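Summary of structural features
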Amino acid sequence: MTSPAQKDATPAPREKRGHVSKPGLSLLAQGEPMVWLTGGSLALCLLMIFGLLSLVVYNGMRTFWPGRLYQVETVDGAVYLGEAAGVEKFDLTEQLINSFPSELKKAREIAEQKFEEAGRVPVEVERRQYRTGNFDIISNFDREGTHYHTVSEFELVAPEPSLPEWAMVIERLSWGRFYGTPVEFKLSHVRPVSADEEQLNEIVQLIQGNMYRFSDADQSAKLKEALAPVEAELAKVRAANIDAFVAENKGLEGELRAEMKSGPEKPLADVKSSEENLVSIVQAAVGPEVAWDKYNEFHSEVISRSARRKEIEEFEVGEVNSEEENARLSLRDQEIAHPGVFVVELANELARLQGQVTLLDEINQKNETLVRQVEKRYGADSDLAKFAAEIAKGLAADIAEQQTQPKTRIAEIKDLVAGMPPSTQTAVDNFLNIRQESTERTVALQEKIKQLNDENARYVLHMKTAQEIDKDIPVSEIVRAFPANRLSLAGQFGVYMSRWGEFLMDDPREANSEGGVFPAIWGTVAMTMIMSVLVVPFGVLAALYLREFAKPGPIVSAIRISINNLAGVPSIVFGVFGFAFLIGNVGRYIDGGPRNADLPVMSSGRWYLLLGVLAVTACGAFMMSMYAVSNRRQMTGGRKMWLGKFALLLWIIATGAFVVALATTPEFNGFFTSHLPNPVFGKGCLAWASITLALLTLPVVIVATEEALAAVPNSLREGSYGCGASKWQTIWRIVLPHALPGIMTGMILAMARGAGEVAPLMLVGVLKLAPELPIDFTPPFLHFDRSFMHLGFHIYDLGFQSQNSEAAKPMVYTTTLLLIAVIGMLNLSAIWLRARLRRRFQPGQF
């Protein structure tokens, strides 16, 4: 048995830690409430962040997913076909019923009945919104075009909408989406005109168009008699050609119809070659399924021709216009170099008159060629040949009379040019040659464009809306088409990816509510990278001086306070500064010198005197600074301070004199004077936008760099000094490498803020639609003088300036998601680089 003493000696069981508080300590003193408070705050912050990102990702990712097409019919006879856009509930009141339009008579009666049955109290009803498109079609129920229709439950004939099997979504280059059912696919086969028919037609037109020259009745009768065999021969040749064309195409598949010059289409079997003037044969694939198959067969080649046409219009025609514009600017340079010489207007007039004379000569040659063809075909002694020769002679006299005044003026202009300096004459000759070449190339390119357009015009998809309205849609206008209610999951995913590809790689259209944002992506990335290149070096240098060189004092403290305050200035203030100073002064100064920037210009004597003062001041400041450096050890403290302050004062005076001399110089007239009054840099552009945002983000970089420099251990500096390194060598080889991760952090923060700013860009360079990218394959490849598109401004434009905010709302989320992704990719690249630098320059590797 255990004795009482042993029982007392037995230790008491140890209680678990954390369950019993120490005497005298409250629950608050142990810190557990603070753990819950801080942890809860973190959870709330994460919840808000992830909630926002989830909202953007969910709405942005589902924008391009193709939905089903629903068809609803109202009690008033209206039929709507479209995608479901949303459902909402509202209170039906007497005031709302009275606001119904007059077209909804039956719906109004049903609503009044429903309201009466409820005891004249507000009744909760459901309202559905459908995206019905067809903006260019106005029916009895659409007095004005609209993208959406809202239908209440008391307006519906059936409670649930139907899903038409062949209802199709057609995304067009213009007018937005089209919803309807395919009726047929039409492929036109244009009747070719033979050389013989074309020649006879030109002869008939020449004779008939100039009958007024023979006022005598006998001559007119004789001319008509001579022309009758030609008209008969033309009709015979045309009929033979029509018969051959019809016989050649009778074996085509599908329903064949004839398209005439006037009147509706008719079955091909009803065409009579001797009576009708056939333009083309329309091969129609009738029926939704057959029409859809034919569309898929030809759409890709039509789109490739459209892409080729766009390439010609944007690049080849643009290249021709650029060469002509450069030649014009060289003439403008001659005007500036030789005051009193107005060579641009004279050269343009000379080119126009020479083109007019050349065109008249070509017409005269064509008439002479027709006369020779008449003589060869009907004999030189025939009455028709004699009449044709007389007509050609009269036309030649008219042309010679029309050329008299232009030729006289050409001779006058050439005499004026001959009296100009040789360089001006060379520039005029070069301009005329380039103008002639560009005209010929433009005509050839326009002919190519016409051929591509004519070929694409053959393919037409005939649709019918839910209101039974027929609509012919050229296949070249269709970006994408699909039967929404027949798509499988794989088909829906294909449409989804196709829309994403278009969004990322194409240009915007339909007031930016359709198409892609490729120019905005380029503009955002280019502006952000240029901003980073500008802000990081200057921010790092400023932080280096403040941390490593500047002595603590009131001036340095004031500078740091100013930097911190500058970080809180609203971004629109920086935009106003960029617009007023960078564009209004610096940009206009670069374009046309101080006079163009409305700056006071000194006289030559005073300006050169100022240059002399500047040179003397700068030399004195330099010599005094060098003397202070070379005799640093011999000078006492007071003398050193006095000499340093005086040298600093001279440098400030020299800098001010340099700025004044630069701003008021009479010897500089700008780099782009020939472009005026069209500014190059005196407008919003990529350069000023990047500089403005660099100023906006400069405080972020300075503060982050200072903190990174302060975090470098002093032991590294002392070790470097102990090895005999100078202060600059220590900074360059020890301090900066170890501070680079912190500097990269500042750059990441600057990129994140600058890439998402919109307000300053609205004033200094961003546009709703920029036809040219700031980066392309044309030298100098990076065009600082061009305006650009930006994803942030694109979001603003979609949300507040779109022609239809409901249609643009999904694109707002998608563009926001893309902007977040672009900023994230830029930041991830910087974070990856920062991680590599951090692994390389770890403390202790010195």
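Remember, it's a predicted structure, so these values are computed and weren't measured experimentally. Residue indices follow the written sequence of each chain, beginning from 1 at its first position. Local features in a predicted model are, by the rule used here, given only for residues with pLDDT of at least 70; side-chain atom pairs are given and counted only at 80 or more, and totals for whole chains, interfaces and linings are based on all residues. Note: side-chain values were computed over all heavy atoms of the structure, leaving out hydrogens and water.

**Regarding unusual backbone geometry**
Trans peptide bonds make up most of the peptide bonds, and negative phi angles are found at most residues other than glycine. The residue after Leu-676, namely Pro-677, is reached through a cis peptide bond having omega 10°. Along the polypeptide, Pro-677 turns up in the loop between α17 (637-663) and α18 (686-710). For Asn-134, which is not glycine, the phi torsion reads 50° and is therefore positive. The secondary structure listing takes helices from DSSP runs of H or I that are at least 4 residues long and strands from runs of E that are at least 2 residues long, numbered from the N terminus. With respect to the helices and strands, Asn-134 occurs in the loop between β3 (123-131) and β4 (148-152). The phi torsion at Asp-598 lies on the positive side, around 60°, for a residue other than glycine. For Asp-598, the position within the fold is in the loop between α15 (571-596) and α16 (604-630).

**So, the pattern of salt bridges**
What makes a salt bridge here is a side-chain nitrogen of Lys or Arg within 4 Å of a carboxyl oxygen of Asp or Glu, nothing more. What the rule picks out here adds up to 45 salt bridges. One salt bridge connects Glu-514 with Arg-131, and the closest N-O pair in it is separated by 2.9 Å. Of this pair, Glu-514 sits in strand β14 (residues 514-515) while Arg-131 sits in strand β3, and the two are 383 residues apart along the sequence. This pair shows no difference in class: Glu-514 is buried, exactly as Arg-131 is. Between Asp-454 and Lys-450 there is a salt bridge; the shortest N-O distance is 2.9 Å. Residue Asp-454 and its partner Lys-450 are both found in helix α11 (residues 422-456); the two are separated by four residues, about one turn of the helix. Burial status follows relative accessibility: with a 1.4 Å probe on protein chains alone, a residue under 20% of its type maximum counts as buried, one over 50% as exposed, and anything between as partly exposed. Classification of Asp-454 as partly exposed rests on a relative accessible area of 41%. Taking relative accessible area as the criterion, Lys-450 reaches 45% and is therefore assigned partly exposed. Through salt bridges that share partners, Glu-171, Arg-480, Arg-499, Glu-502 and Arg-509 make up one connected network.

**Here's the deal with the packing of aromatic side chains**
Note on aromatic pairs: the rings of Phe, Tyr and Trp (six-membered ring only in Trp) are paired at centre separations within 6.5 Å, and the planes decide the class, stacked below 30 degrees, edge-to-face beyond 60, tilted for the rest. Enumeration according to the criterion identifies 22 aromatic pairs in this entry. Geometrically, the ring pair formed by Trp-65 and Tyr-496 is tilted, given 5.5 Å between the ring centres and 55° between the ring planes. Of the two residues, Trp-65 sits in the loop between α3 (32-61) and β1 (69-73) while Tyr-496 sits in helix α12 (residues 489-505), which places them 431 residues apart along the sequence. The exposure class of Trp-65 is partly exposed, given its relative accessible area of 33%. Of the residues examined, Tyr-496 reaches a relative accessible area of 9% and is grouped as buried. Between the aromatic rings of Trp-607 and Tyr-608, the centroid separation amounts to 5.1 Å while the plane-to-plane angle is 75°, which identifies the pairing as edge-to-face. Residue Tyr-608 is classed as partly exposed on the basis of its relative accessible area of 47%. Among the aromatic residues, ring-to-ring pairing joins Phe-64, Trp-65, Phe-493, Tyr-496, Trp-500 and Phe-503 into one connected group. Above the ring of Phe-90, the side-chain terminus of Arg-127 is found at 4.1 Å from the ring centroid. Placement of a positive charge over a ring is assigned whenever Lys NZ or Arg CZ falls within 6 Å of the ring centre and within 35 degrees of the normal to the ring plane.

**Side note on the pairing of β3**
Strand pairing is assigned whenever DSSP detects at least two bridges linking the two strands. Of the pairings in the sheet, the one linking strand β2 (residues 79-92) to β3 comprises nine bridges and is antiparallel in character. Paired with Glu-83 across the strands is Arg-131, a residue of β3.

**Looking at the packing of helix α6 (residues 195-208) against helix α7 (residues 217-249)**
In a pair of packed helices, the angle between the axes and the distance between the axes together describe the arrangement. In contact at an axis separation of 9 Å, α6 and α7 are set at 150° when each is read in the N-to-C sense. Between α6 and α7, the angle is such that the two are roughly antiparallel. Considering the relative orientation of α6 and α7, their crossing is left-handed. On α7, the residues touching Asp-196, Glu-197, Leu-200, Asn-201, Ile-203, Val-204, Ile-207 and Gln-208 of α6 are Leu-223, Leu-227, Val-230, Glu-231, Glu-233, Leu-234, Val-237, Arg-238 and Asn-241. Under this grouping Gly is polar, as are all residues other than the nonpolar Ala, Val, Leu, Ile, Met, Phe, Trp, Tyr, Cys and Pro and the charged Asp, Glu, Lys and Arg. Partitioned by chemical class, the residues of the contact of α6 with α7 number nine nonpolar, three polar and five charged. Every axis corresponds to a line fitted to the C-alpha atoms, with the helix fit spanning only the stretch in contact, and the corresponding angles, defined between N-to-C directions, vary from 0 to 180 degrees. Working rule for angles: under 35 degrees goes down as roughly parallel, over 145 as roughly antiparallel, 65 to 115 as roughly perpendicular, anything else as oblique. Two helices crossing with the near one rotated counterclockwise from the far one by less than a right angle form a left-handed crossing, whereas a clockwise rotation gives a right-handed crossing. Residue contacts are defined here by distance: any two heavy atoms, one from each residue, within 4.5 Å place the two residues in contact.

**As for the sheet that holds β1**
Strand order in the open sheet formed by four strands is β1-β2-β3-β4, and the pairing between neighbours is antiparallel. Of all the strands in the sheet, just β1 and β4 have a single pairing partner and so form its edges. Averaged over all pairs of adjacent strands, the angle between their axes in this sheet comes to 40°, without regard to strand direction. With five bridges connecting them, β3 and β4 associate as antiparallel partners. Note on β4: the bridge partner recorded for Arg-127 is Ser-152.

**A few points about a nonpolar patch on the surface**
A surface patch of nonpolar side chains, about 550 Å² in accessible area, is lined by Leu-42, Leu-46, Ile-49, Phe-50, Leu-53 and Ile-820. With five residues, the top contributor of residues to the nonpolar patch is α3. Tracing the backbone through its elements, the reader meets Leu-42 in helix α3. We classify Leu-42 as exposed; its relative accessible area is 53%. Each patch groups residues whose relative accessible area exceeds 30% and which form no salt bridge, using 9 Å between like charges and 5 Å between nonpolar side chains of Val, Leu, Ile, Met, Phe, Trp and Tyr. Using the Shrake-Rupley algorithm and a 1.4 Å probe, accessible areas are obtained, with residue cover drawn only from the displayed protein chains.

**Things to note about helix α10 (residues 383-418)**
In this analysis, the expected span of each helix is defined as 1.5 Å times one less than the number of residues it contains. Compared with an ideal rise of 1.5 Å per residue, which puts 36 residues at 52 Å, α10 spans 50 Å between its outermost C-alpha atoms and is within 8% of the ideal. Bend, in this description, refers to the angle at a residue between axes fitted to the seven residues ending there and the seven starting there. Along α10, the sharpest kink reaches roughly 35°, centred on Thr-404 and followed within four residues by the proline Pro-406.

**A short note on the environment of Asn-827**
Checked against the element boundaries, Asn-827 lands in helix α23 (residues 805-840). Judged by relative accessible area, Asn-827 falls into the buried class, the value being 13%. Put simply, Asn-827 and Ala-770 are 57 residues apart on the chain and 26 Å apart in space, counted from C-alpha to C-alpha. The contacts of Asn-827, once residues within four sequence positions are left out, are Ile-748, Met-751 and Ala-752.

**Here we look at the side chain of Asn-59**
With respect to the element layout, Asn-59 can be found in helix α3. There is a polar contact of 3.5 Å between the side chain of Asn-59 and the side chain of Arg-62. A 3.5 Å cut-off defines polar contacts: any pair of N or O atoms within that distance qualifies, except that in protein one atom must be a possible hydrogen donor and the other a possible acceptor, and neighbouring residues in sequence count only when both atoms are side-chain atoms.

**Here we look at the environment of Leu-649**
If you trace the backbone, Leu-649 turns up in helix α17. With a relative accessible area of 45%, Leu-649 lands in the partly exposed category. Counting along the chain gives 32 residues from Leu-649 to Thr-617, while the straight-line C-alpha distance between them is 9.8 Å.

**Observations regarding the nonpolar core**
With 67 residues, the main nonpolar core has Leu-761 and Leu-791 as its most contacted residues. Those elements that place two or more of their residues in this core are α12, α13 (518-549), α15, α18, α20 (727-756), α21 (761-764), α22 (791-800) and α23. The leading source of residues in this core is α20, at twelve residues. Ignoring sequence-local partners within four residues, the contact set of Leu-761 consists of Met-527, Ala-689, Leu-693, Val-766, Phe-788 and His-790. Side-chain atoms within 4.5 Å are what join buried Ala, Val, Leu, Ile, Met, Phe, Trp, Tyr and Cys residues into a set we call a nonpolar core.

**A word on the confidence of the model for the protein chain**
When pLDDT is averaged across the protein chain, the result is 86; 92% of the residues are at 70 or more. One confidence number per residue, pLDDT, is output by the predictor and ranges from 0 to 100. Note that pLDDT drops below 50 for residues 15-19; the model gives that stretch one contact with residues more than four away or on any other chain.

**With respect to the environment of Lys-366**
Of note, Lys-366 is situated in helix α9 (residues 343-378). C-alpha separation for the pair Lys-366 and Ala-392, spaced 26 residues apart in sequence, amounts to 9.7 Å.

**Quick notes on the packing of helix α8 (residues 288-337) against α11**
Contact pair α8 / α11: the axes reach a minimum separation of 9 Å and the direction vectors enclose 170°. In terms of orientation, α8 and α11 fall into the roughly antiparallel class. Judged by the twist between their axes, the crossing of α8 over α11 is left-handed. Class assignment for the residues of the contact of α8 with α11 results in 13 nonpolar, eight polar and 13 charged.

**Focus: the pairing of strand β11 (residues 470-474)**
Pairing analysis gives five bridges linking strand β10 (residues 459-464) to β11, with the strands arranged antiparallel. The residue bridging Val-460 from the neighbouring strand is Pro-474, located in β11. Counting the residues between successive antiparallel strands, the hairpin from β10 to β11 contains five residues, one of them, Glu-468, with a positive phi of roughly 65°.

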